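If you want the building blocks of each chain, they are given just below.
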Protein chains: 2
Amino acid sequence: MEPGDAARLGPGRAARALPPRLLLLPLLPLLLGRGLRAAAAASSGAAAEDSSAMEELATEKEAEESHRQDSVSLLTFILLLTLTILTIWLFKHRRVRFLHETGLAMIYGLIVGVILRYGTPATSGHDKSLSCTQEDRAFSTLLVNVSGKFFEYTLKGEISPGKINSVEQNDMLRKVTFDPEVFFNILLPPIIFHAGYSLKKRHFFRNLGSILAYAFLGTAVSCFIIGNLMYGVVKLMKIVGQLSDKFYYTDCLFFGAIISATDPVTVLAIFNELHADVDLYALLFGESVLNDAVAIVLSSSIVAYQPAGLNTHAFDAAAFFKSVGIFLGIFSGSFTMGAVTGVVTALISKFTKLHCFPLLETALFFLMSWSTFLLAEACGFTGVVAVLFCGITQAHYTYNNLSVESRSRTKQLFEVLHFLAENFIFSYMGLALFTFQKHVFSPVFIIGAFVAIFLGRAAHIYPLSFFLNLGRRHKIGWNFQHMMMFSGLRGAMAFALAIRDTASYARQMMFTTTLLIVFFTVWIIGGGTTPMLSWLNIRVGVEELSEEDQNEHRWRYIRVGVDPDQDPPPNNDSFQVLQGDGPDSARGNRTKQESAWLFRLWYSFDHNYLKPILTHSGPPLTTTLPAWCGLLARCLTSPQVYDVGGEEL
Amino acid sequence: MEPGDAARLGPGRAARALPPRLLLLPLLPLLLGRGLRAAAAASSGAAAEDSSAMEELATEKEAEESHRQDSVSLLTFILLLTLTILTIWLFKHRRVRFLHETGLAMIYGLIVGVILRYGTPATSGHDKSLSCTQEDRAFSTLLVNVSGKFFEYTLKGEISPGKINSVEQNDMLRKVTFDPEVFFNILLPPIIFHAGYSLKKRHFFRNLGSILAYAFLGTAVSCFIIGNLMYGVVKLMKIVGQLSDKFYYTDCLFFGAIISATDPVTVLAIFNELHADVDLYALLFGESVLNDAVAIVLSSSIVAYQPAGLNTHAFDAAAFFKSVGIFLGIFSGSFTMGAVTGVVTALISKFTKLHCFPLLETALFFLMSWSTFLLAEACGFTGVVAVLFCGITQAHYTYNNLSVESRSRTKQLFEVLHFLAENFIFSYMGLALFTFQKHVFSPVFIIGAFVAIFLGRAAHIYPLSFFLNLGRRHKIGWNFQHMMMFSGLRGAMAFALAIRDTASYARQMMFTTTLLIVFFTVWIIGGGTTPMLSWLNIRVGVEELSEEDQNEHRWRYIRVGVDPDQDPPPNNDSFQVLQGDGPDSARGNRTKQESAWLFRLWYSFDHNYLKPILTHSGPPLTTTLPAWCGLLARCLTSPQVYDVGGEEL
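Residues numbered from 1 in each chain as written. Chains lettered and ligands numbered in written order. Predicted model: local features only at pLDDT ≥ 70, side-chain atom pairs only at ≥ 80, totals over all residues. Heavy atoms only, no water.

(A) Spatial organisation of the overall build of chain A. Summing up its helical and strand segments, chain A has 25 helices and three strands in all. Expressed as a percentage of the 649 residues in chain A, the buried residues total 65%. Partitioning the contacts of chain A with sequence separation of at least 6, the portion at a separation of at least 24 is 80%. Put simply, chain A shows about 23,100 Å² of open surface, and 65% of that area lies on carbon and sulfur atoms. (Helix = DSSP H or I, 4+ residues; strand = E, 2+ residues; numbered from the N terminus. Buried < 20%, exposed > 50% of the residue type's maximum accessible area, 1.4 Å probe, protein only. Contact = heavy atoms within 4.5 Å. Areas by Shrake-Rupley, 256 points an atom, 1.4 Å probe, with all protein chains shown as cover.)

Here it is, written out as structure tokens:
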């Protein structure tokens, strides 16, 4: 070996490393999976005698090769993203609307997946089969005594006997197929946080009741209907002899849960571009954001419910209600945790005057928001739900305390992270169709699933809209209902939930089906949004500010120190409810009566107490709190409030 | 087990996952190391029969516990950083200068390390020892047949026979001690890129010759001297009987290489705050930035050089010169790669009019800069060097093509990443002193190392300054030399290089010693910078713009479309060389003669050809290129140039 070969490696790679293996870090772990493994293989020469130098060189070579492969595979993703960005620009530049950037990212992913699948040679690997009859239980760590040297092995997983020969079939495919936990712990938090942080609160809260109904009840209904329909499909498959392994009722329900989460990305991007009706936008956005959280909690409840029917996997009413209880417990716990972290951040940034150092402020903001996710996970709640509500709280309170620079900085930071994570997920989805090695394509199941999600969506939108319309003066029109029905496309969340567990036959079939559903809905439905909008006669180009205008608007507000997203007082004119009977129907009706008392109660509590305590705005606490809390009120109210408040009063 | 226990897990964790294990992603991989391992253990139940449901539950519990521990350990770091940020604010607020933020981060890390070390119970683990005599070679993957079920194991590394019982001694300590590759691949790139991107080019290039001499020659001299001195120390230890294992000459040289990289962070932060002499700042900053790159390439060359003397590990002149060749090859290759990526980004952002979509622009900029690192690693060059020069090129060319929003956005993004990465490294260093489980404290070696780095620094600064002064009209004064001598503190890079390989006894001793040297220099020298500056009579508060002012200044320039960091024309008045004889000596001397012809050549080439080709500024190519290139010149020159250029001409 030429010295240069090893030299080009960099110090540690060529050298012999035996470090602890936990990666705890933000940003890219380049050298994992096989990379680390090979590096560990290299490390086997650690205490080697000089005589074993040749062996050491061989393992060094292996480590070098592996590191290079890792870099290449990551580079593949980066270049994919770069290509996507350039094409997005081209599309935006030429105002192409039939294919959204996410669909594009998937297509590029598909192409690269095909190349990787059929263009890279299969490697035979250095596997060693060891047959040692021992206890029934597999241990997580194994010490192997190889002629006097001890090697530590870690368990990777069980392999079904039929697949022993296909293990490690292709290193490159393995490398580009990464751990599903990454979706949950790395890619989703910034996406969800951004959703919460950039939520247009006014329209969201105006339609809160309907949104909650669609998100909670609707998703549950959809999950249950899809689950039952799929159980029928599975029974049918069993009869026809299309099913080669177990598929329980709980598996069907699980499929219902993961496929019920709708994805807003494509449709909302188009809505935004066309300036479509804001209330429809709010309904869809609100539903899909809460949807994700609901789907996560729902699917975890179903998994929890599974062990209860240990050997039955059948329906059990008691266990079902237990699941509902768990669902509510996890949801409220996560909600509280997110809100509390937001409040703590608001208090820190209010009382420390961090805003003199925008960099520190942004870093703190970022860390606190991220720690919400970890805290929730550590406590056994759902990090995604916590991070969503943390985002909403941060936008509502903390945002007001940030310096002007930090406001734009945090928004931009999360915007970039969100954009990168989202496009990464979509290009990865395209890639996975060819690089994932355990696909189970079952035409019957796939067709059944398409029918089921259609029926599930219909059984969710139309009846719920009917009931909601009973309680609303201004109804949700048929065209809105049809649009909501049409917009139920599936995206990142369904994929992330499906890839999380692909161990059993049933789960592999679900994963393949989910992937195809995502492809279909993103391409067909995403592309059909614009024609559908005009066909359904939903007005576009409403006078509502576009995204950029809003940013500009926001900036102007920032400069004068007011939050543009601030909820309007509940008794002013801006309260309108949704009405969608047609673009020309009267929109000026006042709806004072319709804004629920609960909401008004919350608004005045928020405006009179929370805002003054947590931010520099709102009326001084000295005026809103009873007289006997005078001292406390003076401590908690920031001096700035008096300046602004004075004008307000 | 209550269903709730598993439910709180979230779907996948409680469930049985058998996914490929490669993590390819930006941002935090939460569930690694033991976490994954335990999850894999859980997956062992994958195709379990219903009868083995209890076993499945047990592994699920294990997976749950492991995930929770992972979240907690990451949370520890996040809270450490949060605490550090709050204290930094307090220090800045109260203008405390005796302890820099990095020193602070280390102290917090130390405290948490002590708590983790002595406060968490040791866990016995579920290890299984397997004694199967087989071939001499350890395989990277092992298939184990456990009573008919097949499990896949991956090699983690060799364990020295004496340590078999201490493996997995404490899960928590293992968890917080993460993979050293993370430093190189995740934490260092943003730090180095930021250094390149925010380089104050004018002062840097003004002193380029001296900086290169200090960085290249100086570091090599320092490495060689420290290496030889340490070899003496090691010999001495062998005689005294303090050395219990092998320690080769190349190990000593390696130590010299890793400990020769000086860290600018603390000193430069104080320089910045005090507005100390800009030329001294440029010298120290330039040295330390290039230093890092030199140390990386140097240490990898030494590792490459090692196998050449297979059974001697002694000095070999031919191999040494080969190393020098490798060194130059890697360095120039990496340099070219970084510069080329920068140029490509500049061209893309010039010709695509991406600046209409700042988000796309920022994302592209981020991805291209990151891909430099990966590309260099994939090609066998040094990513860190490539990313440094990529940063410089991006700042020089691409920056001019970015939209106003993207300019601030990219700067802020990398500022935040840099800040977080840096503080993370320092708090991790504090933590490592207690959580790292393979320390080898050798008082003789440590004392020897302190003496050696002192002598090495002295043998590098004073003779080099003497030779440099021979060629300079305006000498580097004694006070500047003393300050440079004093400022040679070691930081993140030395630590990252040392932790990269801690397999052998020698490397463990080096790691421990490096850690202590970093602590000492950051605390003592970092804290002593301010008194030292006044004692050496180096003027502070010079009229040079402070960081914030410069940003403001830059902003003002951005608004009028001019790059404030633009090199001044080489024949105007702003060329001054360093002189440091005292704060009052004449600084007005013109130095037209001293600006090297090479630099002037480069400047005019850059100004007349590169800038017009790569950016929207500079004179139109139609005026600078010969007439026969007219068409090409018209294509490459952007219309904006004519507007600006017209005024310039």
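Having seen it, we continue.
(B) How the structure looks around a nonpolar patch on the surface. All names here are of chain A. A cluster of nonpolar side chains, Leu229, Ile447, Val451, Phe454 and Leu455, forms an exposed patch at the surface whose accessible area comes to about 460 Å². In terms of residues, the nonpolar patch owes the most to one element, helix α17 (residues 443-471), which gives four residues. When you line up the elements, isoleucine 447 lands in helix α17. Relative accessible area serves as the criterion here: at 55%, isoleucine 447 is assigned to the exposed category. (Patch = residues over 30% accessible without salt bridge, like charges linked within 9 Å, V, L, I, M, F, W, Y side chains within 5 Å. Salt bridge = Lys/Arg side-chain N within 4 Å of Asp/Glu carboxyl O.)

(C) Highlighting unusual backbone geometry. Unusually for a residue other than glycine, A:Asn537 sits at a positive phi of about 65°. As for its placement among the helices and strands, A:Asn537 is situated in the loop between α20 (505-535) and α21 (547-560).

(D) Representation of the side chain of B:Thr341. Residues and elements named next belong to chain B. Residue placement: threonine 341 occurs in helix α13 (residues 317-351). Polar contacts involving the side chain of threonine 341 include one to the main-chain carbonyl oxygen of methionine 337, which spans 2.7 Å. In terms of polar contacts, threonine 341 uses its side chain to reach the side chain of threonine 372, at 3.4 Å. Among residues more than four places away in sequence, those in contact with threonine 341 are Met368, Ser371, Thr372 and Cys390. (Polar contact = N/O pair within 3.5 Å; in protein donor to acceptor, adjacent residues only side chain to side chain.)

(E) How the structure looks around the confidence of the model for chain A. Residues and elements named next belong to chain A. Looking at chain A, pLDDT values average 70 and 65% of them are 70 or higher. Per-element confidence in chain A is highest for α17, whose mean pLDDT is 89, and lowest for helix α3 (residues 34-43), whose mean pLDDT is 34. Within the model, pLDDT remains below 50 along residues 132-138, and this stretch shows 23 contacts once partners closer than five positions in the same chain are excluded. Long-range and interchain partners of residues 543-594, a stretch whose pLDDT sits below 50, account for 100 contacts in this model, where long-range means more than four residues apart. (pLDDT = per-residue confidence, 0-100.)

(F) Here's a closer look at the side chain of A:Gln412. Structurally, A:Gln412 can be placed in helix α16 (residues 404-435). Not counting residues within four places of it along the chain, the set of residues in contact with A:Gln412 comprises B:Glu405, B:Arg409 and B:Gln412.

(G) Local environment of the packing of helix α14 (residues 358-379) of chain A against helix α15 (residues 383-401) of chain A. Residues and elements named next belong to chain A. At a minimum axis separation of 8 Å, α14 and α15 run at an interaxial angle of 150°. As far as their axial angle goes, α15 and α14 are roughly antiparallel. As α14 runs across α15, the sense of the crossing is right-handed. Residue-level inspection shows Glu361, Phe365, Ser369, Thr372, Phe373, Ala376 and Glu377 of α14 in contact with α15, the latter providing Gly383, Val384, Ala386, Val387, Cys390, Gln394, Thr398 and Asn401. The residue makeup of the contact of α14 with α15, split by class, is seven nonpolar, six polar and two charged. (Axes fitted to C-alpha atoms, helices over the stretch in contact; angles between N-to-C directions. Parallel < 35°, antiparallel > 145°, perpendicular 65-115°, else oblique. Left-handed = near helix turned anticlockwise from the far one by under 90°. Nonpolar A, V, L, I, M, F, W, Y, C, P; charged D, E, K, R; others polar.)

(H) Seen up close, the packing of aromatic side chains. All names here are of chain A. The full count for this structure, using the stated rule, is 50 aromatic pairs over all chains. Note on phenylalanine 450 and phenylalanine 520: the rings are 5.0 Å apart at their centroids and 85° apart in plane angle, and the pair reads as edge-to-face. On the criterion of sequence distance, the pair formed by phenylalanine 450 in helix α17 and phenylalanine 520 in helix α20 is long-range, its members being 70 residues apart. Three or more aromatic residues joined by ring pairs make a cluster, and in this case those are Phe193, Tyr197, Phe365, Phe366, Trp370, Tyr399 and Phe414. For the cation-ring pair, arginine 407 lies above tyrosine 399, with the distance from its terminal atom to the ring centre recorded as 5.2 Å. For the cation-ring pair, arginine 507 lies above phenylalanine 254, with the distance from its terminal atom to the ring centre recorded as 4.0 Å. (Phe/Tyr/Trp six-rings, centres within 6.5 Å; stacked < 30°, edge-to-face > 60°. Lys NZ or Arg CZ within 6 Å of the ring centre and 35° of its normal.)

(I) Summary view of helix α10 (residues 249-259) of chain A. Of all 11 residues in α10(A), 11 are buried, a share of seventy percent or more. Every buried residue belonging to α10(A) is among A:Tyr249, A:Thr250, A:Asp251, A:Cys252, A:Leu253, A:Phe254, A:Phe255, A:Gly256, A:Ala257, A:Ile258 and A:Ile259, and all of these are buried.

(J) The arrangement of the packing of α16(A) against helix α16 (residues 404-435) of chain B in detail. Where α16(A) meets α16(B), the closest approach of the two axes is 10 Å, and the angle between their N-to-C directions is 80°. Put simply, α16(A) runs roughly perpendicular to α16(B). Contacts from A:Glu405, A:Arg409, A:Gln412, A:Leu413, A:Glu415 and A:Val416 in α16(A) reach B:Glu405, B:Arg409, B:Gln412, B:Leu413, B:Glu415 and B:Val416 in α16(B). Considering only residue class, the contact of α16(A) with α16(B) consists of four nonpolar, two polar and six charged.

(K) Representation of the environment of B:Ser222 in the model. Residues and elements named next belong to chain B. Looking at the secondary structure, you find serine 222 in helix α9 (residues 208-240). Remark: the alpha-carbon pair of serine 222 and leucine 243, spanning 21 residues in sequence, is separated by 24 Å. Discounting chain neighbours no more than four positions away, the residues touching serine 222 are Ser260, Gly456, His460 and Arg490.

(L) Summary view of the nonpolar core. Of all hydrophobic cores here, the largest spans 293 residues; its most connected members are A:Phe255, A:Met429, B:Phe255 and B:Met429. Residues within four places of A:Phe255 in sequence aside, it is in contact with A:Ile226, A:Met230, A:Phe445, A:Ala449, A:Met510, A:Thr513, A:Thr514 and A:Ile517. (Core = buried A, V, L, I, M, F, W, Y, C linked by side-chain atoms within 4.5 Å.)

(M) Quick peek at the pattern of salt bridges. Within this structure, the stated rule accounts for eight salt bridges over all chains. Linking B:Glu415 and A:Arg409 is a salt bridge whose minimum nitrogen-to-oxygen distance equals 3.0 Å. Here B:Glu415, found in helix α16, pairs with A:Arg409, found in helix α16, and the two come from separate chains. Grouping residues by exposure puts B:Glu415 and A:Arg409 together as buried. Across the salt bridge formed by B:Arg457 and B:Glu287, the nearest N and O atoms sit 3.1 Å from each other. One end of the pair, B:Arg457, is in helix α17 (residues 443-471); the other, B:Glu287, is in helix α12 (residues 278-308), with 170 residues separating them in the sequence. One salt-bridge network, held together by shared partners, links A:Glu405, A:Arg409 and B:Glu415.

(N) Region of interest: the environment of B:Phe335. All names here are of chain B. Checked against the element boundaries, phenylalanine 335 lands in helix α13. Taking the C-alpha atoms as reference, phenylalanine 335 lies 9.6 Å from glycine 383; in sequence the two are 48 residues apart. Beyond its immediate sequence surroundings of up to four residues, phenylalanine 335 is in contact with Val385 and Phe389.

(O) Region of the structure containing the state of the cysteines. What the rule picks out here adds up to zero disulfides over all chains. Here A:Cys223 is not cross-linked by a disulfide; its sulfur's nearest cysteine counterpart is in A:Cys252, at 11 Å. (Disulfide = S-S within 2.5 Å.)

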